[in-house]
Amino acid sequence: MSHLPIPTLVPIIGLEIHVELNTKSKMFCSCSNDPGAGEPNRHVCPVCLAHPGTLPVPNRAAIVAAVKVGRALGCSIRELSKFDRKHYFYPDLPKGYQISQYDEPIAERGTLTLAFPLETNTRDEAEIGIRRAHLEEDTARLLHDQDGATLVDFNRSGAPLVEIVTDPDFKTALEAKTFAQELQTILRYLGVSDADMEKGQMRVEANISVQAAGSFEIASGAVRPLGGCRLNNKVEVKNINSFRAVERAIEFEIGRQTRLIGAGESWPQETRGWDEDTGETLPQRAKENAADYRYFPEPDIPPFHPLALAGDSLLPELPAARRARFREEYGFSYSDAKILTDDKFLSDYTDAVMSEIIDWVCSLDETASDTGDVKEQKKAKIARLAGNWLTNKLLGLLHEHKKDIRRLKVSPENFAELVALLYAGRINAGGATKILAEMVAAGTDIDPTHIMEEKGYGQINDEVALAAIISAVINSYPAQVEQYRAGKEPVFHFLKGMVMKATEGGAEPAVVEKLLRAELDK
Ligand SMILES: [Zn+2]
């Protein structure tokens with residue numbers, strides 16, 4: 001009996017993502033778009049309850065939002081687009097069909113490029129094709145009570161959704177998770193959705209199949225078998241409710257299919273659900289093919305011109321561009337730039353802080369006479385300092401106080417002033433930390449110079465004052481002083497620490513070191 005060589009296996013991964021738009025009203029009626037409304041069936045009308053004879057009227061704001069999403073993903077926007085009916089039966093869809101878009105989606109054929117620094121991934125850049133982005137209406141929500149009855153809440157029925165379909169271009173589970181995170185950031189920059197996965201505002205489904213390397217090719221987003229090979233079935237995984245679950249569910253499914261291939265078994269084309277508790281995917285139902293939906297054009301809505309409706313609505317600076325600018329303009333490291341741009345509000349705050357700081361550096365008297373090179377070096381140094389204080393100290397304090405940056409009362413001007421005081425040596429890191437803690441804890445915007453002067457957090461570089469503290473420490477620890485003088489160098493750090501403690505961290509460590517050593521070596 002001969003053994004066939006075991007082929008190298010590779011996963012093919014694509015994503016389908018539904019995003020709830022945050023328009024005021026629903027997709028085809030004027031009901032409030034508030035899917036999470038506490039009281040069930042509060043926002044309903046004959047249109048979104050699917051009464052016969054009602055007519056859907058498309059929400060222009062939703063079309064504009066879909067155009068923005070398409071543009072941000074590098075898609076081309078269709079000159080003419082239309083809605084279609086997608087038929088299926090389910091209790092959350094009393095019309096018997098969902099109004100969606102089939103062959104003429106608003107946006108198609110785009111790309112999103114993901115960067116992976118520091119060898120976290122098998123490749124440092126992944127270009128993900130975007131097949132399409134289209135509009136559709138959401139279904140109602142089913143609630144199963146303890147008695148086994150099922151209730152229907154129509155608040156979500158007819159809420160506008162953008163569905164984004166990628167090409168099967170992901171090579172790893174990490175790439176898929178990173179795509180979802182980047183998409184969330186983009187949607188928030190665009191202001192079209194909060195895209196909170198835990199709240200169901202962004203729902204990710206992953207298509208995964210493990211294949212033998214060399215048995216297929218991916219061309220124009222389509223997977224084709226090569227040389228008469230038969231491809232393994234594709235599995236769709238649903239019920240993924242967090243970014244971590246995107247990665248875990250895909251990794252699990254790759255492992256499951258790989259084990260089945262190893263055992264010489266196959267699997268059906270099916271939809272599986274991710275179970276967060278057990279960490280595995282479980283079969284849900286056999287997958288329908290497109291033909292089963294019997295798509296046809298929605299006769300009650302005429303075709304429309306998305307670009308004419310959207311007009312010249314300009315896109316904001318998008319996360320990737322802002323990240324690149326932060327590195328270029330402010331000299332931030334990749335990771336600082338990433339942290340500071342992941343949240344739109346934080347990145348706007350950072351921009352405001354940096355422009356204040358640069359103005360300040362440029363206005364310094366001594367700077368006026370600097371040559372271009374010296375100016376650049378100073379700018380780079382202060383940018384690194386500011387980047388560090390934003391990402392480490394400020395975000396650390398916000399985390400500690402469980403405070404959202406949106407509720408922070410520290411103005412960019414005052415934060416910039418704190419960094420400037422530090423840069424100019426008027427306070428040291430210890431003093432600045434205390435001042436920032438007070439600024440963050442306060443309910444109002446306080447000037448750091450004011451806190452510094454009032455609390456005496458300024459740097460103690462007055463050598464007379466320091467000399468008095470040093471001689472008090474030397475008198476308090478005669479045994480340690482004896483040991484140091486006998487040649488035990490490590491004791492020096494203890495004594496220096498005592499002096500720093502006595503100044504409450506307010507002294508410049510280098511100055512303390514110089515004076516203390518001079519005193520001990522006398
Ligand atoms: Zn309605």
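Under an unreviewed UniProt entry, the name given to the chain is Aspartyl/glutamyl-tRNA(Asn/Gln) amidotransferase subunit B, and the source organism is Candidatus Magasanikbacteria bacterium GW2011_GWA2_56_11. Taken verbatim from the UniProt record of the chain, the Subunit (unreviewed entry) comment is "Heterotrimer of A, B and C subunits." According to UniProt, the comment filed for the chain under the heading Sequence similarities (unreviewed entry) is "Belongs to the GatB/GatE family. GatB subfamily."

Peer 1: Looking at this structure, how should I read the overall build of the chain?
Peer 2: Looking only at helices and strands, the chain features 16 helices and 16 strands. For the chain, the C-alpha radius of gyration of 31 Å lies well beyond 24 Å, the compact-globule estimate for 522 residues. When the backbone C-alpha atoms are referred to their principal axes, the chain occupies close to 95 × 70 × 60 Å. Across the chain, contacts joining residues at least 24 apart in sequence account for 70% of those joining residues at least 6 apart. Carbon and sulfur atoms make up 52% of the accessible area of the chain, which totals about 26000 Å². Distance between charge centres in the chain, computed from 61 positive and 78 negative side chains, equals 1 Å.

Peer 1: Would you explain the coordination of the zinc ion in this entry?
Peer 2: Six octahedral donors around a metal ideally subtend angles of 90 or 180 degrees, whereas four tetrahedral donors ideally subtend 109.5 degrees. With distances of 2.3 to 2.4 Å, the protein atoms coordinating the zinc ion are Cys29 (SG), Cys31 (SG), Cys45 (SG) and Cys48 (SG). Geometry at the zinc ion is tetrahedral, judged from its four donor atoms and the angles of 101 to 114 degrees they form at the metal. When the donor residues of the zinc ion are listed from N- to C-terminus, their spacing reads C-x1-C-x13-C-x2-C. Cysteine 31 matches cysteine 29 in its accessibility class, with the two residues each being buried.

Peer 1: Where do I start with the pattern of salt bridges in this structure?
Peer 2: Opposite charge on two side chains allows them to pair when their charged atoms are near. Across all of its chains, the model carries 34 salt bridges by this definition. Note that arginine 109 and aspartate 167 form a salt bridge whose closest N and O atoms lie 2.8 Å from each other. Taken together, the residues arginine 109 in strand E5 (residues 107–115) and aspartate 167 in the loop between strand E9 (160–166) and helix H2 (173–190) connect sequence positions 58 residues apart. Relative accessible area serves as the criterion here: at 4%, aspartate 167 is assigned to the buried category. Of the charged contacts, one joins aspartate 138 and arginine 203 as a salt bridge, the two residues approaching to 2.7 Å between their closest N and O atoms. With a gap of 65 residues between them, aspartate 138 in the loop between strand E6 (125–137) and strand E7 (141–144) and arginine 203 in strand E10 (residues 202–212) connect regions that are remote in the sequence.

Peer 1: Could you clarify how one ought to interpret the packing of aromatic side chains in this entry?
Peer 2: To describe a pair of aromatic rings, you give the distance between the ring centres and the angle between the ring planes. One pass over the full model with this rule turns up 13 aromatic pairs. Between tyrosine 88 and tyrosine 293, the ring centres sit 6.0 Å apart and the planes meet at 65 degrees, which makes this aromatic pair edge-to-face. Residue tyrosine 88 is located in the loop between strand E3 (84–87) and strand E4 (97–100), and its partner tyrosine 293 is located in the loop between strand E15 (280–286) and strand E16 (296–297); the two are separated by 205 residues in the primary sequence. Where tyrosine 484 meets phenylalanine 492, the ring centres are 5.8 Å apart and the plane angle is 40 degrees; that geometry is what we call tilted. Across the pair, exposure class does not vary: tyrosine 484 and phenylalanine 492 are buried alike. By the ring-pair criterion, three or more aromatic residues cluster together here, those being Tyr88, Tyr102, Tyr293 and Tyr295. Lying over the aromatic face of tyrosine 293, lysine 86 brings its terminal NZ or CZ to 4.4 Å of the ring centre.

Peer 1: Help me out: how do you make sense of the sheet that holds E16 in this one?
Peer 2: Backbone hydrogen bonds are what pair the strands of a sheet, in a parallel or an antiparallel way. Taken in spatial order, the three strands line up as E4-E3-E16 in an open sheet, and their pairing is antiparallel. The open sheet has two edge strands, E4 and E16, and neither has a second partner. As judged from the two bridges shared by E3 and E16, these two strands associate in the antiparallel manner. Within the sheet, the bridge partner assigned to arginine 85 lies in E16 and is phenylalanine 296.

Peer 1: Would you explain empty space enclosed by the protein in this entry?
Peer 2: Over the atoms, a rolled probe matching the size of one water molecule traces out where space is still vacant. Across all of its chains, the model carries one cavity of 30 Å³ or more by this definition. Lining the largest cavity are 13 residues, with Cys48, Leu93, Lys95, Glu137 and Ser157 sitting closest to its centre. For the lining of the largest cavity, the class distribution of residues is six nonpolar, three polar and four charged.

Peer 1: Where do I start with unusual backbone geometry in this structure?
Peer 2: Most peptide bonds adopt trans geometry, and most residues besides glycine take a negative phi value. Not every positive phi belongs to a glycine, and serine 220 is a case in point at roughly 50 degrees. Here arginine 294, not a glycine, exhibits a phi torsion of approximately 45 degrees, which is positive. Counting through the fold element by element, arginine 294 comes out in the loop between E15 and E16. Note on arginine 294: relative accessible area 54%, which makes it exposed.

Peer 1: Which parts of the structure should I look at to understand the domain arrangement of the chain?
Peer 2: Buried accessible area, meaning the area lost when the parts come together, often serves as the stated size of an interface. Domain annotation for the chain reports domain 1 (11–288), domain 2 (319–455) and domain 3 (463–520). Between domain 1 and domain 2, the buried area comes to about 690 Å², and carbon and sulfur atoms account for 61% of it. On the domain 1 side of the contact with domain 2, Glu182, Thr185 and Tyr189 bury the most area, a combined 72% of that side's loss. At the boundary of domain 1 and domain 2, one finds one salt bridge. The partner of glutamate 182 in a salt bridge is arginine 323, with the nearest N and O atoms 3.0 Å apart. Across the contact surface, domain 1 and domain 2 share three residue pairs in polar contact (both at pLDDT 80 or more). The greatest single-element share of the side of domain 1 that touches domain 2, amounting to four residues, is contributed by H2.

About the criteria used
- Residues numbered from 1 in each chain as written.
- Predicted model: local features only at pLDDT ≥ 70, side-chain atom pairs only at ≥ 80, totals over all residues.
- Heavy atoms only, no water.
- UniProt positions renumbered as here; feature names shortened; annotations may be inferred.
- Helix = DSSP H or I, 4+ residues; strand = E, 2+ residues; numbered from the N terminus.
- Rg over C-alpha atoms; globule rule 2.2 N^0.38 Å.
- Contact = heavy atoms within 4.5 Å.
- Areas by Shrake-Rupley, 256 points an atom, 1.4 Å probe, with all protein chains shown as cover.
- Lys, Arg positive; Asp, Glu negative; His and termini not counted.
- Charge placed at Lys NZ, Arg CZ, Asp CG, Glu CD.
- Donors = N, O, S within 2.8 Å, 3.2 Å for Na, K, Ca; no water.
- Tetrahedral: all angles 85-135°; square planar, octahedral: opposite > 155°, others 65-115°.
- Buried < 20%, exposed > 50% of the residue type's maximum accessible area, 1.4 Å probe, protein only.
- Salt bridge = Lys/Arg side-chain N within 4 Å of Asp/Glu carboxyl O.
- Phe/Tyr/Trp six-rings, centres within 6.5 Å; stacked < 30°, edge-to-face > 60°.
- Lys NZ or Arg CZ within 6 Å of the ring centre and 35° of its normal.
- Pairing = 2+ DSSP bridges.
- 1 Å grid on protein atoms, 1.4 Å probe; cavity = no way out; pocket = protein on both sides within 12 Å on 5 of 7 lines; lining within 4 Å.
- Points joined across faces, edges and corners; volume = space filled by probe spheres on them.
- Nonpolar A, V, L, I, M, F, W, Y, C, P; charged D, E, K, R; others polar.
- Domains from an automatic or database assignment.
- Buried area = accessible area lost by both parts, 1.4 Å probe.
- Polar contact = N/O pair within 3.5 Å; in protein donor to acceptor, adjacent residues only side chain to side chain.

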